[in-house]
Amino acid sequence: MKRNYFLIVLIMVVFMVISFITNILDPMGTDVQASFSLSETQTGYLATALFVAYAVMSIPSGLLVERFSAKTMLVVAFALSALGAFLFASRPTFATALPCLFLIGVGFAMLQVVINPLLRVVGGEAHYAFFGSMSQMIFALGSTVSPHLYVYLVSNLKETGAAQNFLIRVLDRVVHPDMPWVSLYFVFTFILVVMVQIVALVKLPKMQLKEDEKVGSFNSILELLKSKTVWLYFIGIICYVGTEQGVATKIKGFLVSCHHVDPDVASRVAVSGFWGAMTVGCAVSLVLLKLFDARKILVTFASCGAITLLVALFTPSTTVAMIALPMMGFWCSIGWPVVFSLAMNSLARHHGSFAGILCTGILGGAIMPPLIGKIADHVGTFGLRYGMLANLVTIAYLIGIGIWARPLINNATINPKKTEVSV
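Residues numbered from 1 in each chain as written. Predicted model: local features only at pLDDT ≥ 70, side-chain atom pairs only at ≥ 80, totals over all residues. Heavy atoms only, no water.

S.K.: Report on the nonpolar core, specifying residues and quantitative values.
M.R.: Among the nonpolar cores identified, the biggest contains 142 residues, and Phe78, Trp181, Tyr185, Tyr233, Leu255, Phe274 and Phe354 are the most heavily contacted of them. With 14 residues, the top contributor of residues to this core is helix α5 (residues 94-123). In this view, Tyr185 contacts Ile24, Leu25, Met28, Ala85, Phe88, Ala89, Leu101 and Ile104; residues no more than four positions away in its chain are not counted. (Core = buried A, V, L, I, M, F, W, Y, C linked by side-chain atoms within 4.5 Å. Buried < 20%, exposed > 50% of the residue type's maximum accessible area, 1.4 Å probe, protein only. Helix = DSSP H or I, 4+ residues; strand = E, 2+ residues; numbered from the N terminus. Contact = heavy atoms within 4.5 Å.)

So this is what it looks like as structure tokens:
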């Protein structure tokens, strides 16, 4: 079909909304921890609730999208996420946080499964790679913006007696004065409800999934689970998402506890900087992948990430730490697209089922934050400095992928020395 730029923009907005809400736990973490009197381990379970939903719903959502229309899936997905956000905003306790964040994650997992093949349909197959890379940058951009909104709302809600605009006045009436961060979830509820209405009104094309986009039969999944290659790359996705969340969700806490940085400054400069650096990294990677083998880029970026992390954790300079930690976003930017593409290019068939299995590897985001928190709680003072060292294990695995990966098809470069074909 002819490219529909309005729908392309709408899909990019969906990507931004997902990242905008998903990664707000990064700057919000220390405030939620203080409000609920949580340990570092318990704080990590907030991310666990969200990312477990991604893992659990990836394959079921793939089966649902083969049965129902894209519009139906999108409306239901946004509605579920809106319900989760509203329930958490209206009753903010640790007990309600976990199921509500899980419900938000379920909706977002459904969105991810729908919008990727939908982007191929509305953007055209020949431009799918370009728009796919653009969506990765938009996703990172959404996470860059959200901490600024968070700081704006929290700081204004704390200022009693100051001149306030309509938004702040409304939120001030519904948010508990000791939990101004809850205002974000009321805003999220409004955004998600608006998205439900927009999608309900928009005419979407009929989405015919290609064979490599279908989840496939249960037998094909069982066949893949017997493959060593499948498990190696599945662990690779776990390690990438674990590294991303293991760094991003702990930046603010580390800067506040180990360098006594003002929490608002940590949110604006460090956490937002992580996703801003990832946005830049996505743009740079588009060029690098046309010049060099993806495996070499992965080894280089992951190695630089390990060095940068060590510098950030053990430097006595607050300034260096505030630069090095956000820089991890740049080094992480290459991980998802390269590991995923190497995985898909390492098998000759069952790509749809394989993609579903790989997407459950988002489980890594549910594992690393509480693991890091557990180590930090055990160590005590400056515990996050040593807890975040766990990220070196997952980074080392990514370096290993760049060394042992033998895809059937290499990434196309401007001046390839050798062309390999699928068998």
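S.K.: Outline the environment of Val261, supporting the account with residue identities and numerical values.
M.R.: Checked against the element boundaries, Val261 lands in the loop between α11 (251-259) and α12 (263-288). The class for Val261 is buried, based on a relative accessible area of 9%. The sequence separation of Val261 and Ser81 amounts to 180 residues, and the corresponding C-alpha distance is 33 Å. For Val261, the residues in contact, after removing those within four places along its chain, are Leu255, Val256, Ala266, Thr318 and Met322.

S.K.: So what about the packing of aromatic side chains? Which residues, and what values?
M.R.: When we look at a pair of aromatic rings, we describe it by the centre distance and by the angle of the planes. Here the structure, examined in full by the defined rule, presents 15 aromatic pairs. Between the aromatic rings of Phe330 and Trp331, the centroid separation amounts to 5.1 Å while the plane-to-plane angle is 85 degrees, which identifies the pairing as edge-to-face. Accessibility assignment for this pair places Phe330 and Trp331 in one class, buried. Taken together through their ring pairs, the aromatic side chains of Phe20, Phe36, Phe88, Trp181, Tyr185 and Phe188 make up a single cluster. Over the face of the ring belonging to Phe382 we find Arg385, whose NZ or CZ atom lies 5.5 Å from the ring centre. (Phe/Tyr/Trp six-rings, centres within 6.5 Å; stacked < 30°, edge-to-face > 60°. Lys NZ or Arg CZ within 6 Å of the ring centre and 35° of its normal.)

S.K.: Now, about helix α19 (residues 391-404): what can you tell me, with residues and values included?
M.R.: With 14 residues, α19 ought to run about 20 Å at 1.5 Å a step, and its terminal C-alpha atoms sit 20 Å apart, in line with that. Its buried side turned inward, α19 meets α10 (228-248), α13 (294-314), α14 (318-332), α15 (335-344) and α17 (364-379). (Expected span 1.5 Å × (residues − 1).)

S.K.: Run through the environment of Ile414, naming residues and quoting values.
M.R.: Within the element layout of this structure, Ile414 appears in the segment after α19. With relative accessibility at 66%, the residue Ile414 sits in the exposed group. Each C-alpha atom of the pair Ile414 and Leu289 lies 9.3 Å from the other, and the pair is 125 residues apart in sequence. The contact partners of Ile414, leaving out residues within four places of it in the chain, are Lys290 and Leu291.

S.K.: Quick one: what's the story with the packing of α13 against α14, residue by residue and with numbers?
M.R.: Contact pair α13 / α14: the axes reach a minimum separation of 9 Å and the direction vectors enclose 160 degrees. Comparing their axes, α14 and α13 come out roughly antiparallel. Once α13 is placed against α14, the crossing between them reads as left-handed. Note on element contacts: α14 touches α13 through Val320, Ala321, Ala324, Leu325, Met327, Met328, Phe330 and Trp331, opposite Phe301, Cys304, Gly305, Thr308, Leu309, Val311 and Ala312. Looking at the contact of α13 with α14 residue by residue, the class counts come to 13 nonpolar, two polar and no charged. (Axes fitted to C-alpha atoms, helices over the stretch in contact; angles between N-to-C directions. Parallel < 35°, antiparallel > 145°, perpendicular 65-115°, else oblique. Left-handed = near helix turned anticlockwise from the far one by under 90°. Nonpolar A, V, L, I, M, F, W, Y, C, P; charged D, E, K, R; others polar.)

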